Amino acid sequence: MNPAITNWDHLRVWVIGASSGIGAETAKLLLEKGARVALSARRVDLLQAVANCHPRALVAGLDIVDPASVQAAHAHILKEWQGLDIVLIVAGSYNEMRADSFDLAIARNMLELNLHGPLNCLDVVLPGLLAQGHGSIGIVSSVAGYSGLPKALIYGPSKAALINLCETLYLDLRPRGIGVYMINPGFVDTALTAGNDFPMPALMKTPDAAREIVRGMERGDFHIHFPKRLSNVLRILRLLPYRLYFWIIHKGTGL
Ligand SMILES: NC(=O)c1ccc[n+]([C@@H]2O[C@H](COP(=O)([O-])OP(=O)(O)OC[C@H]3O[C@@H](n4cnc5c(N)ncnc54)[C@H](OP(=O)(O)O)[C@@H]3O)[C@@H](O)[C@H]2O)c1
């Protein structure tokens, strides 16, 4: 559904959310494969540590919720590289929330980071990609965005919005020569999941998640989801009538 990538040499990739977890591991894998990678996040010291080992890495610190900071990082990258081929938006966060622990401030912050953050990135990269007529955008959503799940009262909606955003972007951008990757991980062992007090089926390590993402991009997939034994079950569940879906989720999670 997107052009296959057979050679990463000299592709200019911007990874936003590259200081830890899935983004850091994906950035390192892309560097190993020969890409030029711009590393963005707030913790610049962690980005610099990666860049110190890779001559093709470029550090561009930013806070994704601050449009001016995203614009400045983008301007820095363009000044160094004169363009971009792939933009991978990974940054995000999870706060457990249920109806009886609803917190408006936390809810707003989570939407600001998980949804408005990617929009701040689109705002700076879309004009350049559209003008050049090639390149691609990948957005990390989550299997939690497929349909409602317990403890994901705001995280789930923020990721569901990204799924719809990717689908709609694909319709708009693919005819203009630009690829879109919708990336839906299941549980991955990172700081984001470290505090979870519930069983995480099919929990993956970050290098495996990074390999899934990069392989999916190389194949030209639109929908990159993993691990399949969890993501495919959730994809089937969302097709069921709600009565059955809610019953299975209650039974399966005990929540
Ligand atoms: N782990 C999972 O099971 C899982 C499953 C599905 C989807 N995901 C998604 O995968 C993405 C990465 O999560 P992860 O599990 O790898 O967690 P992580 O290790 O906590 O990584 C989060 C990344 O986002 C960056 N970030 C957070 N706030 C930011 C901000 N305001 N500005 C710029 N960057 C910011 C962090 O960098 P700084 O703190 O340095 O800014 C870090 O690089 C998230 O979107 C998450 O929703 C994760």
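Residues numbered from 1 in each chain as written. Predicted model: local features only at pLDDT ≥ 70, side-chain atom pairs only at ≥ 80, totals over all residues. Heavy atoms only, no water.

(A) Highlighting the overall build of the protein chain. For the protein chain, the count of helices and strands is nine helices and seven strands. Computed over the C-alpha atoms, the radius of gyration of the protein chain is 18 Å, within 12% of the 18 Å expected from 2.2 N^0.38 for a compact globule of 255 residues. Judged by the C-alpha coordinates and their principal axes, the protein chain covers about 55 × 35 × 30 Å. Taken over 255 residues, the protein chain has a buried fraction of 50%. Of all intrachain contacts in the protein chain linking residues separated by at least 6 positions in sequence, the fraction that spans at least 24 positions is 64%. Total accessible area on the protein chain stands at roughly 11900 Å², and carbon and sulfur atoms take up 56% of it. One finds the centroid of the 24 positive side-chain charges in the protein chain at a distance of 6 Å from the centroid of its 21 negative side-chain charges. (Helix = DSSP H or I, 4+ residues; strand = E, 2+ residues; numbered from the N terminus. Rg over C-alpha atoms; globule rule 2.2 N^0.38 Å. Buried < 20%, exposed > 50% of the residue type's maximum accessible area, 1.4 Å probe, protein only. Contact = heavy atoms within 4.5 Å. Areas by Shrake-Rupley, 256 points an atom, 1.4 Å probe, with all protein chains shown as cover. Lys, Arg positive; Asp, Glu negative; His and termini not counted. Charge placed at Lys NZ, Arg CZ, Asp CG, Glu CD.)

(B) Spotlight on the site of the ligand. If you check the shell around the ligand, you find 28 residues, and the closest are Ser19, Arg42, Tyr155, Val188 and Thr190. In this structure, an oxygen atom belonging to the ligand sits 2.7 Å away from a side-chain N or O atom of Arg42. Here the ligand loses 94% of its free accessible area of 880 Å² to cover by the protein chains. Residue assignment for the shell around the ligand shows that the elements contributing at least two residues are helix 1 (21-32), helix 5 (155-173) and helix 6 (191-194). Residues that form the shell around the ligand fall into these classes: 14 nonpolar, ten polar and four charged. (Near = heavy atom within 4 Å. Polar contact = N/O pair within 3.5 Å; in protein donor to acceptor, adjacent residues only side chain to side chain. Nonpolar A, V, L, I, M, F, W, Y, C, P; charged D, E, K, R; others polar.)

(C) A look at the nonpolar core. Among the nonpolar cores identified, the biggest contains 42 residues, and Trp14, Ile16, Ile77, Ile89, Val125, Ile137 and Ile139 are the most heavily contacted of them. In terms of residue count, helix 5 provides more of this core than any other element does, seven residues in total. Setting aside chain neighbours within four positions, we find Ile77 in contact with Trp14, Ala38, Leu58, Ala60, Gln82 and Leu84. Leu29, Ala57, Leu88 and Ile183 belong to the second-largest nonpolar core, a separate cluster that totals 34 residues. (Core = buried A, V, L, I, M, F, W, Y, C linked by side-chain atoms within 4.5 Å.)

(D) How the structure looks around helix 9 (residues 242-253). Spanning twelve residues, helix 9 covers 16 Å between terminal C-alpha atoms, matching the ideal 16 Å at 1.5 Å per step. In the segment just after helix 9, Gly254 is the residue with positive phi, at about 70 degrees. (Expected span 1.5 Å × (residues − 1).)

(E) Structural detail: the sheet that holds strand 7 (residues 223-226). An order of 3-2-1-4-5-6-7 is seen for the seven strands of this open sheet, with the pairing classed as parallel. Only two strands of the sheet have a single neighbouring strand rather than two, namely strand 3 (57-59) and strand 7. Strand-to-strand twist across the sheet, computed as the mean angle between neighbouring axes with direction ignored, equals 15 degrees. Looking at chain direction, strand 4 (residues 86-89) and strand 5 (residues 136-140) are connected through four bridges and run parallel. Bridging from a neighbouring strand, Leu88 pairs with Gly138 of strand 5. Of the strands in this sheet, strand 1 (12-16), strand 2 (36-40) and strand 3 touch helix 3 (residues 67-81), which is tilted by about 160 degrees from strand 1. Across the face of the sheet, helix 5 comes into contact with strand 5 and strand 6 (179-185) while running at roughly 160 degrees to strand 6. (Pairing = 2+ DSSP bridges. Axes fitted to C-alpha atoms, helices over the stretch in contact; angles between N-to-C directions.)

(F) Examining the pairing of strand 1 more closely. In terms of residue burial, strand 1 counts as a mostly covered element, since five of its five residues are buried. Burial along strand 1 is two-sided: the face carrying Arg12, Trp14 and Ile16 and the face carrying Val13 and Val15 are both buried. Here five bridges tie strand 1 to strand 2, and the two strands are oriented parallel to one another. The residue bridging Val15 from the neighbouring strand is Leu39, located in strand 2. After leaving strand 1, the chain enters helix 1 and then returns to the sheet as strand 2, a path that is right-handed. (Right-handed = clockwise from strand over helix to strand, strands pointing away.)

(G) Quick peek at unusual backbone geometry. At the junction of Phe226 and Pro227, the peptide bond is cis and its omega measures out at -15 degrees in the coordinates. Note on placement: Pro227 falls in the loop between strand 7 and helix 8 (228-237). Phi is positive for Gln82, close to 65 degrees, though the residue is something other than glycine. Mapped onto the elements of the fold, Gln82 is located in the loop between helix 3 and strand 4.

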